[in-house]
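# Coordinate inspection notes
As a plain string of letters, each chain reads:
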Amino acid sequence: MLDPRRHYASLRLVALLPLVLFLPAVIAFFVDPDVAWGEYLGVFFHLSILFLVSRLPAAPWAKAAGYGWVTLDVLAGILMINAVEYDTAWAVRLGGHVLAGVWIVASSLVSYSWPVRVVGVLTGLWLAGYSFVGTVLAEEFLRPAGILILAWFALLGIFHRDEPGHPATPTSLSPA
């Protein structure tokens, strides 16, 4: 049987890995959005999300959306790295963000932690919603979604729990 303390610890690590990888990219979005290394780090960030999609409870269709997000955003990053036309790569990225929103909202709604649910739903709706209005709103309007997703990863690492009998606190890692 799976030791719940190990399960929470590994989910914590799996949630914190994309947080650590995405934080420099979010800072770059605000300082210099055209920084070249951002796409490289973005590819690794999205690949790290594969571990989180596989571990976070969600319906199979929601997990499929999470995997689709990773696939499309990695593709978009590689398109950007290889100097494919920006509008093409950006459209692929926005398509992936719709799938990201589906996965984030669906996996957040089954969480027993209300902070994870609230921030997850806001994050997913913002990320997916921007994809439908990205042609009329500047990219700067997508930036708050970057901050929200960082907060969501942090909340998953701190408060996520699979069962209602386990407290949604950092102490859930303490030995029983």
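Model, not experiment: these values are computed from the prediction.

Remark: the centre distance and the inter-plane angle together describe each pair of aromatic rings, the angle taken between the planes. A complete count under the given rule lists five aromatic pairs for this structure. Their ring planes at 10° and their centres at 5.9 Å tell us that Y86 and W90 sit as a pair that is stacked. Of the two residues, Y86 and W90 are both situated in helix α4 (residues 86–109); the distance of four residues between them amounts to about one turn of the helix. On the numbers, 5.4 Å between centres and 85° between planes, the contact of W103 with W152 is edge-to-face. Highlighted residues: W103 in helix α4 and W152 in helix α6 (residues 143–159), separated in sequence by 49 residues. Residue class for W103 comes out buried when judged on its relative accessible area of 0%.

Turning our attention to the nonpolar core. The biggest cluster of nonpolar side chains holds 35 residues, and the ones touching the most others in it are I49, L52, W103 and W152. For this core, the secondary-structure elements that each account for two or more residues are α1 (4–31), α2 (37–55), α3 (60–81), α4, α5 (114–133) and α6. The contacts of I49, once residues within four sequence positions are left out, are P18, W69, V70, W103 and F153. Formed by five residues, the second largest nonpolar core is a distinct cluster that contains A76, L79, A89 and V92.

Under the definition given, this model contains three salt bridges. The partner of R93 in a salt bridge is E39, with the nearest N and O atoms 3.0 Å apart. Pair noted here: R93 is in helix α4 and E39 is in helix α2, with a separation of 54 residues, a long-range link. Exposure class is identical for R93 and E39. Each is buried. Between D73 and R93 there is a salt bridge; the shortest N-O distance is 2.6 Å. Taken together, the positions of D73 in helix α3 and R93 in helix α4 put the pair 20 residues apart, joining distant regions of the chain. Of the residues examined, D73 reaches a relative accessible area of 1% and is grouped as buried.

Definitions and limits used
In every chain, residue numbers begin from 1 and rise along the written sequence. Under the rules for a predicted model, residues below a pLDDT of 70 receive no local features and side-chain atom pairs below 80 are neither given nor counted, while totals for whole chains, interfaces and linings still include all residues. Side-chain figures throughout are based on the complete set of non-hydrogen atoms in the structure, without hydrogens or water. For Phe, Tyr and Trp, where Trp contributes only its six-membered ring, two rings pair if their centres lie within 6.5 Å, and the inter-plane angle classes them as stacked under 30 degrees, edge-to-face over 60, or tilted in between. Secondary structure elements are defined from DSSP: runs of H or I of at least 4 residues count as helices, runs of E of at least 2 residues count as strands, and each element is numbered from the N terminus. Relative accessible area decides the class of each residue, using a 1.4 Å probe on protein chains only: under 20% of the type maximum gives buried, over 50% gives exposed, and in between gives partly exposed. The set of buried Ala, Val, Leu, Ile, Met, Phe, Trp, Tyr and Cys residues whose side-chain atoms join them within 4.5 Å is what this entry labels a nonpolar core. For this analysis, residues touch if any pair of their heavy atoms sits within 4.5 Å. Here, a salt bridge means any Lys or Arg side-chain nitrogen found within 4 Å of an Asp or Glu carboxyl oxygen.

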